[in-house]
Amino acid sequence: MAFLDKVIEVAKKDLQTIVLPESYDPRTIEATHKVLKQGIAKIILVGNKEEIMANAGSFDISGASFIDPETFEDMNQMAAALADLRKSKGMTPEEAKGILLKSELFFGVMLVKMGYANGMVAGAANSTANVLRPALQILKTAPGTKLVSAAFFMEVPNCEYGEDGIFIFGDCALNPNPNSEELAHIAISSAATFKSIVKAEPKVSILSFSTKGSANHADVDKVVEATKIAKELAPELSLDGELQFDASIIPSVAQKKAPDSAVAGKANVIIFPDLDAGNIGYKLVQRLAKANAYGPLCQGLAMPVNDLSRGCFADDIVGTVALTALQAQMQK
Ligand SMILES: CC(C)(COP(=O)(O)OP(=O)(O)OC[C@H]1O[C@@H](n2cnc3c(N)ncnc32)[C@H](O)[C@@H]1OP(=O)(O)O)[C@@H](O)C(=O)NCCC(=O)NCCS
Ligand SMILES: CC(=O)OP(=O)(O)O
């Protein structure tokens, strides 16, 4: 069974409510139609019901719920709650109400925070920074987590590497220039995300342009140190670095470059040394290898909010909604 079919099967067993704030985006409407038709999740669309329905064309979204910030009966309560959450930054209830009326993203995250929805997916129309900022500010990190990071599930067609072509790539969306400690946390969170969704053993490779001392540079030192920290923090994990990408996934190259590594040649969790590498790397695989890229999924947030690429297709939104529903099920 394909990766997403398995995710959808689990999502259907305990329906979660996912808010999609970008109801003016045609791919979001198409995705809503598909999610409802397949029974993957309940959907809340943010905005005026008549306007949204009028723009839906042939897509049947009548099974969705609609919440319009302009007429939302609990707006004052929501504004007070947001102001309270941001009182250390000096936000007043009036300012909070203004933000909630202006930003569908802040409104959507508050619907999650207040329990109207179990998770949110956005980013088809808004930049990652704009989607993640309200989530970081309002929901904050999950207990026991220091750093939120963002990873993609990559489903590569006709690929014998990774977990039969399934990989997790992190961080591809959030932390621009992680230090060694942050990189170690990204690796550990990505392994946990992989295990919780794929139900297979994560084999984590922290990438570099060097394999086991083949090059000397401060950037390599950062990855070596990150590997050391991650091994100390999570000794039970199958994790190694610094490894080049070919040595990470291809057994014959691993045999030549890192014969003593238990991970080289078998990695299914791929950790990039910085966001340049991660964001460029996932888009290369998505566009040139025609891989499905689901996410970026946030790891370490207190409640599930996930981003999309503005270049996404409706089916990517469907996949990310299903994955968000699984995260919500697991957080119950
Ligand atoms: C996500 C991002 C906007 C956060 O930026 P920022 O400048 O730290 O934003 P803010 O200062 O408003 O931070 C918001 C809050 O989140 C917290 N935060 C920021 N990054 C965090 C992280 N990785 N983990 C946990 N908390 C984080 C901050 O501490 C802050 O908390 P506070 O407001 O309660 O004090 C920024 O890291 C970013 O732009 N990343 C790149 C996104 C991108 O363009 N990706 C490429 C395309 S996918
Ligand atoms: C994740 C990502 O790269 O998002 P966007 O393409 O919208 O910048």
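Criteria and cut-off values
Residues numbered from 1 in each chain as written. Chains lettered and ligands numbered in written order. Predicted model: local features only at pLDDT ≥ 70, side-chain atom pairs only at ≥ 80, totals over all residues. Heavy atoms only, no water. Near = heavy atom within 4 Å. Polar contact = N/O pair within 3.5 Å; in protein donor to acceptor, adjacent residues only side chain to side chain. Areas by Shrake-Rupley, 256 points an atom, 1.4 Å probe, with all protein chains shown as cover. Helix = DSSP H or I, 4+ residues; strand = E, 2+ residues; numbered from the N terminus. Nonpolar A, V, L, I, M, F, W, Y, C, P; charged D, E, K, R; others polar. UniProt positions renumbered as here; feature names shortened; annotations may be inferred. Disulfide = S-S within 2.5 Å. Buried < 20%, exposed > 50% of the residue type's maximum accessible area, 1.4 Å probe, protein only.

K.L.:
Just checking my understanding: could you explain the site of ligand 2 for this structure?
P.N.:
Close to ligand 2 lie Thr128, Phe152, Asn279, Tyr282, Lys283, Pro296, Leu308, Ser309 and Arg310, which account for all nearby residues. At 2.8 Å, a side-chain N or O of Lys283 approaches an oxygen atom of ligand 2. Ser309 is positioned with one of its side-chain polar atoms (N or O) 2.7 Å from an oxygen atom of ligand 2. Contact with the protein chains removes 87% of the 260 Å² of surface that ligand 2 exposes when unbound. Broken down by element, the shell around ligand 2 gets its largest block of residues, three residues, from helix H12 (residues 275–288). Within the shell around ligand 2, the residues separate by chemical class into four nonpolar, three polar and two charged.

K.L.:
Help me out: how do you make sense of the UniProt feature "domain: Phosphate acetyl/butaryl transferase" (unreviewed entry) in the chain in this one?
P.N.:
Taking the numbering used here, the UniProt-annotated feature "domain: Phosphate acetyl/butaryl transferase" (unreviewed entry) corresponds to residues 3–325. This span, residues 3–325, is 45% helix and 16% strand, and a straight line between its end C-alpha atoms measures 15 Å.

K.L.:
When you look at the state of the cysteines in this model, what are you seeing that I'm missing?
P.N.:
A disulfide bridge is the covalent bond that connects two cysteines by way of their sulfur atoms. Summed over all chains, the structure comprises zero disulfides. In this structure Cys159 is not part of a disulfide, and its nearest cysteine sulfur, from Cys172, lies 16 Å away. Its relative accessible area of 16% is what places Cys159 among the buried residues. This cysteine, Cys298, is not joined by any disulfide, and Cys172 carries the nearest cysteine sulfur, 12 Å off. The exposure class of Cys298 is buried, given its relative accessible area of 7%.

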